[in-house]
Amino acid sequence: MPPVERPSHPPATLASVSASLNYGGDASGLICGYLLQDGTAPQEVDSAQAAQWLRERNRSEATETTTFLWLHFNLSHAQAVRWMERHADLPEAFFDALKDRSVSTRIERDDDTLIAVLNDAHFDFSFEPSDIATLWTSVAPHLMVTGRTRPLRSVDALRTAVRHGHAPRSSVALLAELMRTQASGLVDIVRGVTQRIDDVEDELLAGRLDHKRARLGVLRRLLVRLQRLLAPEPAALFRLLQHPPVWMGAEDAQELRDSTEEFSVVLRDMQGLQERIKLLQEEIAANVQESNSRSLFVLTVVTVLALPINILAGLFGMNVGGVPLADDGSGFWIIVAVVAAFTAVAGWLALRGTRDR
């Protein structure tokens, strides 16, 4: 069972929110919901209050976009998608992405709504390639909906900031804040990987190679998976910013562009770490190969040195007549001298190639 995210504090401005706001999701799968307006404290809402606010807004046909709603759902809950279909009036492309469970990063427009599929590290990230999960996002002027199947670090950090009074001025600004939080989480991952690589490098220089290749392999697979899942994100955002929705202000577009550039810098750092790990793996492999070659050479020398005595022992051990020196009292010492001479010649021939290198 996946770990649950941390419980939130009781709301400060809405007294009617019930105990269903636990972080595992209420009866509709809503993990958290906030009514946000620039310059005012965020109001925490449950699924019933969110549905009422959306109904009243649709009934009044409001065009004012300074107030918007952020709803974060647990998609493992059976009622989450049903609630969104019934109350949120989200585009069909968003539900198609949920049904496909596509993890390919992309950000695209669907009329006046932004549909994003983002990837992030699990809340309990432990430097394993499997600790990456997907966040599905829909951004409209008055509503931002996010959904996930497992707790994610960036969403938890953003939720904590909003709960403590941080209120972005618009839904796009909230998306940009989510991307900055995601980039900050990636920076922490890069720092952790860098520290581990430094430790492996120090132990390599000290001559301790125990299990370091396996550790480097895990880190490299992690970075490759992150690179493959996250690299399309900046390019998708830059393409989107070429033709933004009409309701996206210039300030919001610039903030989104800045967060994208920060994200791109982190991805370049990750690519540099991959090259560094590759070089370390090659050096470790070279050291292992050199050690194996040295062991093979010692075994070869021992075999060559033992060859003369094995040949003579085989010849003189044959139970046939006419064995030389069989009746000679000094025969044993003569054979010892012959074996020693042949062993010395074989040793000189075996070691000569090493001195020539």
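Residues numbered from 1 in each chain as written. Predicted model: local features only at pLDDT ≥ 70, side-chain atom pairs only at ≥ 80, totals over all residues. Heavy atoms only, no water.

Asks: Explain the overall build of the protein residue by residue, including any values.
Replies: From N to C terminus, the protein includes 9 helices and 7 strands. Within the protein, the fraction of its 357 residues that count as buried is 44%. The long-range share in the protein, meaning contacts at least 24 apart out of those at least 6 apart in sequence, stands at 70%. As displayed, the protein offers around 18,500 Å² of accessible surface, 55% of which is attributable to carbon and sulfur atoms. (Helix = DSSP H or I, 4+ residues; strand = E, 2+ residues; numbered from the N terminus. Buried < 20%, exposed > 50% of the residue type's maximum accessible area, 1.4 Å probe, protein only. Contact = heavy atoms within 4.5 Å. Areas by Shrake-Rupley, 256 points an atom, 1.4 Å probe, with all protein chains shown as cover.)

Asks: Can you lay out the pairing of strand β1 (residues 30-37) for me, pointing to particular residues and giving the numbers?
Replies: In terms of burial, β1 is a largely internal element, 7 of the 8 residues being buried. As paired strands, β1 and strand β3 (residues 67-74) are joined by 7 bridges and run antiparallel to one another. From the neighbouring strand, Y34 faces β3, where its bridge partner is W70. Where β1 folds back on strand β2 (residues 43-44), the antiparallel hairpin that results is connected by 5 residues, among which G39 adopts a positive phi of roughly 90°. (Pairing = 2+ DSSP bridges.)

Asks: Tell me about unusual backbone geometry, residues and numbers included.
Replies: Of note in this structure, D89 is not a glycine but carries a positive phi near 55°. With respect to the helices, strands and loops of the structure, D89 is situated in the loop between α2 (80-88) and α3 (92-100). You will see that D111, though not glycine, has its phi angle at about 60°, which is positive. In this structure, D111 sits in the loop between β4 (106-110) and β5 (113-121). What makes D111 exposed here is its relative accessible area of 65%.

Asks: Give a description of the sheet that holds β3 that names residues and reports values.
Replies: If you trace the 7 strands from one edge of the open sheet to the other, you get β2-β1-β3-β7-β6-β5-β4, paired in mixed fashion. On the outer flanks of this sheet lie β2 and β4, each paired with one strand and no other. Relative to the sheet, α3 contacts β4, β5, β6 (132-139) and β7 (143-148), its axis offset from that of β6 by approximately 165°. Along the sheet, helix α7 (residues 232-242) contacts β4 and β5; its crossing angle with β4, the most-contacted strand, is approximately 25°. (Axes fitted to C-alpha atoms, helices over the stretch in contact; angles between N-to-C directions.)

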